[in-house]
2 protein chains.
Amino acid sequence: MSEPAERAQKLDAVDELADKRAEFVLDDVVYLDGNSLGALPAVVPGRVEDVVRRQWGELRIRSWEESGWWTAPERIGDRIAPLVGAAPGQIVVGDSTSVNVLKALVGAVRMAGEGRDELLVDATTFPTDGYIAESAARMTGCTLRPVAPADVPGALGDRTAAVLLNHVDYRTGRLHDLPGLTAAVRAAGAVAVWDLCHSAGALPVGLDEHGVDLAVGCTYKYLNGGPGSPAYLYVRREVQDRFDSPLPGWNSHVEPFGMRSDFEAAPGALRGRVGTPDILSMLALEAALEVWDGVTVEAVRAKSLALTDFFLECVAAYVPEGRVECVTPVAHGERGSQIALRCDDAGDVMKRLIDRGVVGDFRAPDVLRFGFTPLYVGFADVERAARVLAQTLA
Amino acid sequence: MSEPAERAQKLDAVDELADKRAEFVLDDVVYLDGNSLGALPAVVPGRVEDVVRRQWGELRIRSWEESGWWTAPERIGDRIAPLVGAAPGQIVVGDSTSVNVLKALVGAVRMAGEGRDELLVDATTFPTDGYIAESAARMTGCTLRPVAPADVPGALGDRTAAVLLNHVDYRTGRLHDLPGLTAAVRAAGAVAVWDLCHSAGALPVGLDEHGVDLAVGCTYKYLNGGPGSPAYLYVRREVQDRFDSPLPGWNSHVEPFGMRSDFEAAPGALRGRVGTPDILSMLALEAALEVWDGVTVEAVRAKSLALTDFFLECVAAYVPEGRVECVTPVAHGERGSQIALRCDDAGDVMKRLIDRGVVGDFRAPDVLRFGFTPLYVGFADVERAARVLAQTLA
């Protein structure tokens with residue numbers, strides 16, 4: 001047995017999250033793409049069947065009350081809350097991440113108030129955030145300015161209304177300094193909006209603790225909610241009264257069944273809701289979140305760093321030097337839960353890796369992306385992935 | 001047997017859609033709330049199970065291509081198209097109706113061009129449409145003017161950018177004159193946006209034929225897609241190049257996986273997509289649409305009118321005169337697929353009706369609403385509903 005393989009055995013033996021793997025539907029593939037689509041939690045299929053056959057099929061319209069459909073967006077939001085460091089009553093689930101970015105950014109500009117007409121956006125952001133930021137700027141009369149996250153403090157000024165940042169970069173896996181950047185944005189009198197797609201469920205976020213005003217995130221990566229499962233919106237309690245959504249639907253109304261022609265926003269985070277919630281996907285997500293019972297984000301973070309450290313060790317041991325270049329920061333404080341390796345022919349290499357049972361993904365033009373989901377990836381998986389990578393590159 | 005009961009037997013015997021009822025999961029309740037939440041098509045549970053267990057659980061990320069997840073929004077849009085009189089390539093499924101109303105209205109104002117800064121909205125609209133219209137007006141620098149649909153032609157002018165109308169009024173069941181109103185709006189140089197929530201799947205819409213530019217609708221009423229299933233957006237082929245969405249997500253991009261920082265809209269209706277599609281709900285809807293195989297909307301409309309006519313006959317026969325007042329127009333050309341009866345204590349009356357196995361719904365302040373879904377409601381159901389209503393009111 002190779003030295004890394006022996007190390008893997010020892011690390012797996014003391015992994016306190018090892019038992020969680022049995023709560024997922026997995027096969028003999030090494031699945032390192034949970035940062036794109038989380039694996040299926042075993043509890044989900046039965047729950048979805050109940051939602052379809054009994055709640056919809058038998059109770060039909062009565063389920064809006066009797067099966068708790070109506071309150072699902074805020075109930076599931078409260079279930080996500082501890083995973084991102086939020087007290088209850090500040091998160092609602094629904095719509096896609098893109099739609100929630102629009103809510104948050106337009107809401108942020110309106111919150112920032114008169115005289116502030118500049119919107120800063122992470123220049124390296126996942127594209128959709130940039131597109132939506134441009135739309136939000138256009139519809140609120142702001143100018144949009146792309147800025148590298150590290151340059152945000154120097155770019156803030158009296159005109160800055162809001163800043164949209166990614167907690168973890170989708171491509172490089174770089175973890176940005178949420179506490180520091182949020183403090184800088186607040187000190188400048190602007191509103192920070194964080195996109196948590198690549199951090200929630202993988203590392204501590206601390207929304208309440210760090211004074212974040214608005215945040216959004218998806219639920220189908222580290223939260224395992226299923227393909228395209230609904231996203232969420234966090235609105236800090238202190239600013240909820242000032243949150244003025246660009247999507248005031250009947251579900252955002254203080255009296256949704258009053259069918260009033262005048263709009264009066266619901267109190268609290270509820271005003272982040274819009275239309276009829278998408279129940280099948282939402283209740284699949286609710287079931288999926290049960291795998292978090294008894295798990296702390298801190299334990300997940302510790303294992304995530306151990307997994308990515310170990311992957312880098314194994315790559316160094318197996319892959320000839322210079323064949324790949326790690327673009328993910330080595331410093332723990334700057335690393336999310338993925339490793340991105342730059343490599344020639346990355347697209348082809350990933351195809352061959354997948355054929356050999358190691359599933360990551362390719363991000364144009366030259367990045368191999370490997371996501372490490374501590375709830376179901378073990379150290380032997382990591383060793384095997386690096387070994388197969390070396391074989392593939394040989 | 002009473003005379004209406006005998007008539008019901010005869011009508012059911014010659015009902016060419018009678019066999020369709022077996023394709024739904026139903027019990028001995030008379031379900032007249034399919035205009036709120038359609039009943040479960042029997043094909044759905046098995047399909048959803050396959051999507052969850054095999055497509056997500058086994059294929060995982062590969063399903064985006066192998067299970068056709070990626071193209072679901074436009075594929076399912078094309079499945080809805082014939083039901084609303086649209087040729088393929090003009091409808092995408094996704095997001096809620098409210099979100100699609102925002103896309104359509106902002107898109108309509110931008111399409112109408114310079115100098116047009118007034119937005120007209122049906123004054124009797126389902127509230128969410130009015131709230132979103134107000135938001136769209138605010139974000140495009142327009143003024144919003146509520147107008148009764150019949151008064152729209154007189155309210156149109158050089159400044160009118162767009163007009164948002166409901167094909168069928170959610171409360172009264174009144175069918176508005178889509179061909180005539182669309183022609184008037186177009187003649188004034190403005191853009192008509194139709195909300196088809198209460199008409200699609202119940203009566204012919206004729207989007208292409210009547211020159212509608214933009215339309216939206218939900219899929220959980222007469223299309224039986226399930227609670228909160230995704231809505232759709234129709235963008236007429238001729239105006240697709242000018243459709244400039246306020247929600248340009250990565251799915252609206254010409255090259256979604258190019259991860260480009262500059263936005264370039266996809267050609268065609270695809271630019272109406274936004275973020276990652278909600279696969280579980282979307283594929284449940286796709287399965288649900290199979291009940292339309294071999295059914296024409298014209299046949300559905302003929303039965304719908306027969307059902308509502310017969311309900312009014314039975315109510316006249318059983319319910320003491322003056323006890324209820326029909327607020328749905330009697331003329332076929334002005335009637336959707338529901339009957340709304342005004343009545344004292346409508347809220348209590350509906351509760352008692354439901355206890356006796358007749359499920360409709362209550363709309364504040366005083367309306368009993370009964371929806372007739374021709375695919376699974378028969379004439380004996382209608383007779384029973386009227387009879388139980390009379391007993392309840394006695």
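Please read all numbers here as calculations on a predicted model, not as lab measurements.

Quick notes on the rules
Residues numbered from 1 in each chain as written. Chains lettered and ligands numbered in written order. Predicted model: local features only at pLDDT ≥ 70, side-chain atom pairs only at ≥ 80, totals over all residues. Heavy atoms only, no water. UniProt positions renumbered as here; feature names shortened; annotations may be inferred. 1 Å grid on protein atoms, 1.4 Å probe; cavity = no way out; pocket = protein on both sides within 12 Å on 5 of 7 lines; lining within 4 Å. Helix = DSSP H or I, 4+ residues; strand = E, 2+ residues; numbered from the N terminus. Contact = heavy atoms within 4.5 Å. Domains from an automatic or database assignment. Salt bridge = Lys/Arg side-chain N within 4 Å of Asp/Glu carboxyl O. Polar contact = N/O pair within 3.5 Å; in protein donor to acceptor, adjacent residues only side chain to side chain. Nonpolar A, V, L, I, M, F, W, Y, C, P; charged D, E, K, R; others polar. Buried area = accessible area lost by both parts, 1.4 Å probe. Pairing = 2+ DSSP bridges. Axes fitted to C-alpha atoms, helices over the stretch in contact; angles between N-to-C directions. Buried < 20%, exposed > 50% of the residue type's maximum accessible area, 1.4 Å probe, protein only.

### A look at the UniProt feature "binding site: pyridoxal 5'-phosphate" (unreviewed entry) in chain A
Then step 1. The UniProt record annotates "binding site: pyridoxal 5'-phosphate" (unreviewed entry) at T97(A), S98(A), F126(A), P127(A), T128(A), D129(A), D195(A), H198(A), Y220(A), W250(A) and T276(A). Across 180 residues, the annotated set is spatially dispersed, with a maximum C-alpha separation of 30.6 Å. Of the residues annotated just before, the second largest pocket has T97(A), S98(A), F126(A), T128(A), D129(A), D195(A), H198(A) and Y220(A) among its lining.
Then step 2. Considering the arrangement of structural elements, one finds P127(A) in helix α6 (residues 127–140).
Then step 3. Those residues within four positions of P127(A) in sequence are excluded, and the remaining contacts are Y170(A), M259(B) and R260(B).

### Section: the domain arrangement of chain A
Residues and elements named next belong to chain A.
Then step 1. One can read the domain layout of chain A as domain 1 (3–17 + 295–393) and domain 2 (47–292).
Then step 2. Of note, the centres of domain 1 and domain 2, computed from C-alpha atoms alone, are 30 Å apart.
Then step 3. Contact with domain 1, which involves 26 residues of that partner, is made by 18 residues of domain 2.
Then step 4. At the boundary of domain 1 and domain 2, one finds one salt bridge.
Then step 5. Counting every contact that joins domain 1 to domain 2 gives nine residue pairs in polar contact (both at pLDDT 80 or more).
Then step 6. Those elements that provide at least two residues to the side of domain 1 that touches domain 2 are α10 (297–318), β10 (338–342) and β13 (367–371).
Then step 7. Here the residues of the side of domain 1 that touches domain 2 are counted per class, giving eleven nonpolar, eight polar and seven charged.

### Points about the interface of chain A and chain B
Accessible area lost on assembly of the parts is the figure often given for the size of an interface.
Then step 1. Listed per partner, the contact involves 73 residues of chain A and 72 residues of chain B.
Then step 2. Both faces combined, the contact of chain A with chain B buries some 5,900 Å², and carbon together with sulfur accounts for 65% of it.
Then step 3. Per-residue buried area on chain A facing chain B is highest for W56(A), R60(A) and Y131(A); these three make up 14% of the total on that side.
Then step 4. On inspection of chain A and its partner chain B, the count reaches four salt bridges.
Then step 5. Taken together, chain A and chain B are joined by 21 residue pairs in polar contact (both at pLDDT 80 or more).
Then step 6. Contributions of two or more residues to the side of chain A that touches chain B are made by α2 (44–59), α5 (97–112), α6 and α9 (279–288) of chain A.
Then step 7. Broken down by element, the side of chain A that touches chain B gets its largest block of residues, nine residues, from α2(A).

### Focus: unusual backbone geometry
Then step 1. Each neighbour pair has its own omega, and for A364(A) with P365(A) the value is 0 degrees, a cis peptide bond.
Then step 2. Within the secondary structure, P365(A) sits in the loop between β12 (361–363) and β13.
Then step 3. Unusually for a residue other than glycine, N224(A) sits at a positive phi of about 60 degrees.
Then step 4. A positive phi is found at R60(B), a non-glycine position, where the angle reads about 45 degrees.

### Observations concerning the sheet that holds strand β7 (residues 214–217) of chain A
Residues and elements named next belong to chain A.
Then step 1. Across the sheet, seven strands lie side by side as β2-β8-β7-β6-β5-β3-β4; this open sheet has mixed pairing. In this open sheet, the two edge strands, each paired with only one partner strand, are β2 (91–93) and β4 (143–147). Neighbour-to-neighbour, the strand axes of the sheet open up by a mean angle of 15 degrees, direction not taken into account.
Then step 2. As paired elements, β2 and strand β8 (residues 232–235) share three bridges and run antiparallel to each other.

### Considerations on the environment of L389(A)
Then step 1. Mapped onto the secondary structure, L389(A) falls in helix α12 (residues 379–393).
Then step 2. The sequence separation of L389(A) and V319(A) amounts to 70 residues, and the corresponding C-alpha distance is 7.5 Å.

### Here we look at the side chain of R335(A)
Residues and elements named next belong to chain A.
Then step 1. Residue placement: R335 occurs in the loop between β9 (325–326) and β10.
Then step 2. Residue classification places R335 among the buried positions, given a relative accessible area of 1%.
Then step 3. Here V330 takes part through its backbone oxygen, which lies 2.8 Å from a polar atom of the side chain of R335.
Then step 4. With sequence-adjacent residues up to four places away left out, R335 is seen in contact with G173, L175, L203, R301, L305, T308, D309, L312, T328, P329 and V330.

### Focus: the pairing of strand β7 (residues 214–217) of chain B
Residue and element names in this part refer to chain B.
Then step 1. Here β7 shows two buried faces, one formed by L214 and V216 and the other by A215 and G217.
Then step 2. Sheet topology places β7 next to strand β8 (residues 232–235); four bridges connect them, and they run antiparallel. Bridge pairing in β8 links G217 to Y232.

### A word on the side chain of Q240(B)
Residues and elements named next belong to chain B.
Then step 1. As for its placement among the helices and strands, Q240 is situated in the loop between β8 and α9 (279–288).
Then step 2. Residue Q240 is classed as buried on the basis of its relative accessible area of 5%.
Then step 3. Once residues lying within four places of it in the same chain are set aside, the contact partners of Q240 are G89, Q90, V235, G268, A269 and R271.

### With respect to the UniProt feature "modified residue: N6-(pyridoxal phosphate)lysine" (unreviewed entry) in chain A
All names here are of chain A.
Then step 1. Here, the residues flagged by UniProt with the feature "modified residue: N6-(pyridoxal phosphate)lysine" (unreviewed entry) are K221.
Then step 2. Within the fold, K221 resides in the loop between β7 and β8.
Then step 3. Judged by its relative accessible area of 10%, K221 is buried.
Then step 4. Those residues in contact with K221 that lie beyond four places of it in its chain are G34, N35, S36, G38, C197 and H198.
Then step 5. Engagement of the side chain of K221 in a polar contact is seen with the backbone oxygen of N35, the distance being 3.2 Å.

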